[in-house]
Structure formats: structure tokens, C-alpha cells
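Each chain is listed here by its residues.
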Amino acid sequence: MEQEALMKGQGRVNQLGGVFINGRPLPNHIRLKIVELAAQGVRPCVISRQLRVSHGCVSKILQRYQETGSIRPGVIGGSKPRVATPDVEGRIEEYKRENPGVFSWEIRDRLLKVGPLHEGVCERSTVPSVSSISRVLRSSRPSSDQQARSGSDGEEVSVDGEVDGVTRGVGGSAILDVDGMGHEREGKTTTPTKVTIHIFFH
DNA sequence: ATCGTTACGGTTGAA
DNA sequence: GGTTCAACCGTAACG
């Protein structure tokens with residue numbers, strides 16, 4: 001593909017008379033030469049002129065070599081693995097908009113194809129974990145002070161065991177009402193009551 | 001004269 | 001087969 005670019009006349013000439021392809025890494029033999037010359041004690045400015053490569057590029061390749069020991073360029077392109085597809089992420093945010101107080105595990109149930117609602121889009125094997133869902137929610141609503149306040153109020157956490165005397169399923173969740181103000185949920189405002197909860201951080 | 005840094009215009013490739 | 005988009009590219013220019 002590199003050869004093709006040159007064939008198609010994509011090769012350009014820099015100020016020093018050197019040939020390069022815009023947006024593409026320098027070929028390996030030149031990168032190697034840069035490192036070899038530097039190892040022989042040749043100064044970067046001389047390498048730049050001799051190989052007709054911009055000094056900024058010589059600097060970058062030499063610095064990367066010192067840091068990583070590799071001649072190679074960085075990994076170009078691709079995308080990071082997604083925990084949830086954009087479709088599913090959109091659905092999660094939609095549920096949250098409909099009902100801001102909804103628990104992540106409730107969203108998870110609703111996403112599931114099987115179950116009472118039969119409206120989900122996920123198989124059991126592809127449904128995001130509860131913590132993934134709450135992370136999606138956190139990052140989809142990065143309202144300026146959200147990060148600074150993280151953990152101080154209304155943060156959703158995983159809960160095992162009993163909540164308010166009612167045994168919840170393993171992996172359930174609860175809203176920590178740290179400020180004692182209560183929270184809107186299904187039209188009602190929950191008022192802080194004396195509860196004992198056992199929280200296990202995984 | 002040298003070299004660290006970065007805006008710019010560009011390409012790539014997994015999702 | 002096409003689109004999205006955050007990763008990386010080298011050059012040119014500034015300090």
C-alpha cells in the first residue's frame with residue numbers, strides 16, 4: 001500500500017529534498033538509519049540533513065527509541081473495544097432519561113431479551129454488566145462538576161446482602177443518600193430513613 | 001546553529 | 001460495503 005501511494009504520485013518532497021508520504025510513517029529503513037547514526041554519535045541536526053528528514057521527526061523517532069527501544073511507529077487507526085454497542089448505550093441513556101432514578105440492575109433486566117418486558121436488545125451473553133451500565137451513565141452525563149463530586153452524593157454502588165431489611169439479590173444496587181436530601185424516584189421523593197446496608201466493593 | 005514543541009493537513013482501521 | 005472517529009503520521013514553523 002506504501003508502494004501504491006508512491007506509484008500514484010502521493011510522494012511529496014520536504015524542504016530538505018527528502019521524500020515523504022503525508023499522514024504516513026517514514027519507511028523502516030530510514031527509521032533504522034536514524035537510530036544507527038545516532039548510536040554512532042552523529043548529532044541529530046546532521047542526521048536530519050544527511051537523511052533529508054525534518055529535525056522534528058528525527059527528534060521524535062530518537063525519543064521514542066529511547067523510551068520504548070523500538071524503531072517502529074505507533075499503532076495507527078482502529079478503535080478501542082466497546083463494552084456496549086452504540087445502540088445499547090443509546091438505549092441505556094434513554095431508559096435513564098425516562099426514569100432518572102432507575103437502578104443499573106433494572107436497566108440491565110430491561111435490556112435482556114428474555115424476561116417480563118420482552119423489549120430488550122441483548123442476549124444474556126452480550127448484556128453489559130451492572131458496573132458497565134453505571135459507567136456508561138457516568139460518562140454520558142459529564143456535567144462539569146460531575147467528576148469532582150463523584151462519590152459524594154447519589155453515587156450508585158454494588159450491594160450484596162440486605163438493604164433496609166429487605167433482602168436484595170446479589171449484585172443489586174442502591175443509591176447512597178449521603179447528603180440526606182432524598183432523591184426523586186418514580187414521582188415520589190425518597191426520604192432518608194435509618195437503614196443498615198452492607199456494602200462490598202469488588 | 002540546534003533542537004524541543006506543536007498546529008496543521010493527512011491516513012488508518014476496529015467497531 | 002460504507003461511516004465514524006480517536007488514534008497516529010511528518011512537516012513546517014516558532015521559540
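See the structure printed just above.
The present account deals with the structure reproduced in this document. None of these values were measured; they are calculated from a predicted model.

What counts, and where the lines are drawn
- Residues numbered from 1 in each chain as written.
- Chains lettered and ligands numbered in written order.
- Predicted model: local features only at pLDDT ≥ 70, side-chain atom pairs only at ≥ 80, totals over all residues.
- Heavy atoms only, no water.
- Phe/Tyr/Trp six-rings, centres within 6.5 Å; stacked < 30°, edge-to-face > 60°.
- Buried < 20%, exposed > 50% of the residue type's maximum accessible area, 1.4 Å probe, protein only.
- Lys NZ or Arg CZ within 6 Å of the ring centre and 35° of its normal.
- Helix = DSSP H or I, 4+ residues; strand = E, 2+ residues; numbered from the N terminus.
- Contact = heavy atoms within 4.5 Å.
- Axes fitted to C-alpha atoms, helices over the stretch in contact; angles between N-to-C directions.
- Parallel < 35°, antiparallel > 145°, perpendicular 65-115°, else oblique.
- Left-handed = near helix turned anticlockwise from the far one by under 90°.
- Nonpolar A, V, L, I, M, F, W, Y, C, P; charged D, E, K, R; others polar.
- Near = heavy atom within 4 Å.
- Polar contact = N/O pair within 3.5 Å; in protein donor to acceptor, adjacent residues only side chain to side chain.

For the rest of this paragraph, the subject is the packing of aromatic side chains. Here the structure, examined in full by the defined rule, presents 1 aromatic pair. Ring centres 6.3 Å apart and planes at 15° place the aromatic pair Phe-103 and Trp-105 in the stacked group. When its relative accessible area of 9% is taken as the criterion, Phe-103 is described as buried. Its relative accessible area of 25% is what places Trp-105 among the partly exposed residues. Above the ring of Tyr-95, the side-chain terminus of Arg-110 is found at 4.0 Å from the ring centroid.

Moving on, we come to the environment of Leu-62. Secondary-structure assignment places Leu-62 in helix α4 (residues 55–68). Judged by relative accessible area, Leu-62 falls into the buried class, the value being 13%. Along the primary structure Leu-62 and Pro-44 are separated by 18 residues, whereas in three dimensions their C-alpha atoms are 8.7 Å apart. Beyond its immediate chain neighbours, meaning those up to four positions away, Leu-62 contacts Ile-34, Val-35, Ala-38 and Pro-44.

Further remarks concern the packing of helix α5 (residues 86–98) against helix α6 (residues 104–111). The geometry of α5 relative to α6 is characterised by a closest axis approach of 10 Å and an angle of 125° between their N-to-C directions. Relative to α6, the element α5 lies oblique. Pair α5 / α6 crosses with right-handed handedness. Touching Val-88, Arg-91, Ile-92, Tyr-95 and Glu-98 of α5 are Ile-107, Arg-110 and Leu-111, all from α6. Partitioned by chemical class, the residues of the contact of α5 with α6 number 5 nonpolar, no polar and 3 charged.

This part covers the protein's contact with DNA strand B. Taken together, 16 residues form the shell around DNA strand B, and within it Cys-45, His-55, Ser-59, Gly-77 and Ser-79 come nearest. Put simply, 58% of the atoms of DNA strand B that lie within 4 Å of the protein are in sugar or phosphate. A distance of 3.0 Å separates a base nitrogen of DNA strand B from a polar side-chain atom of Asn-22. Arg-43 places a side-chain nitrogen or oxygen 3.4 Å from a sugar or linking oxygen of DNA strand B. Elements with a minimum of two residues in the surface near DNA strand B: α3 (44–51) and α4.

Once that is clear, we can look at the protein's contact with DNA strand C. The full set close to DNA strand C counts 21 residues, and Gln-15, Arg-31, Ser-54, Arg-64 and Gly-74 are the nearest of them. At a separation of 3.2 Å, a phosphate oxygen of DNA strand C approaches a polar side-chain atom of Lys-60. Separating a phosphate oxygen of DNA strand C from a side-chain N or O atom of Arg-64 is a distance of 2.7 Å. Taken together, the residues of the surface near DNA strand C sort by class into 8 nonpolar, 8 polar and 5 charged.

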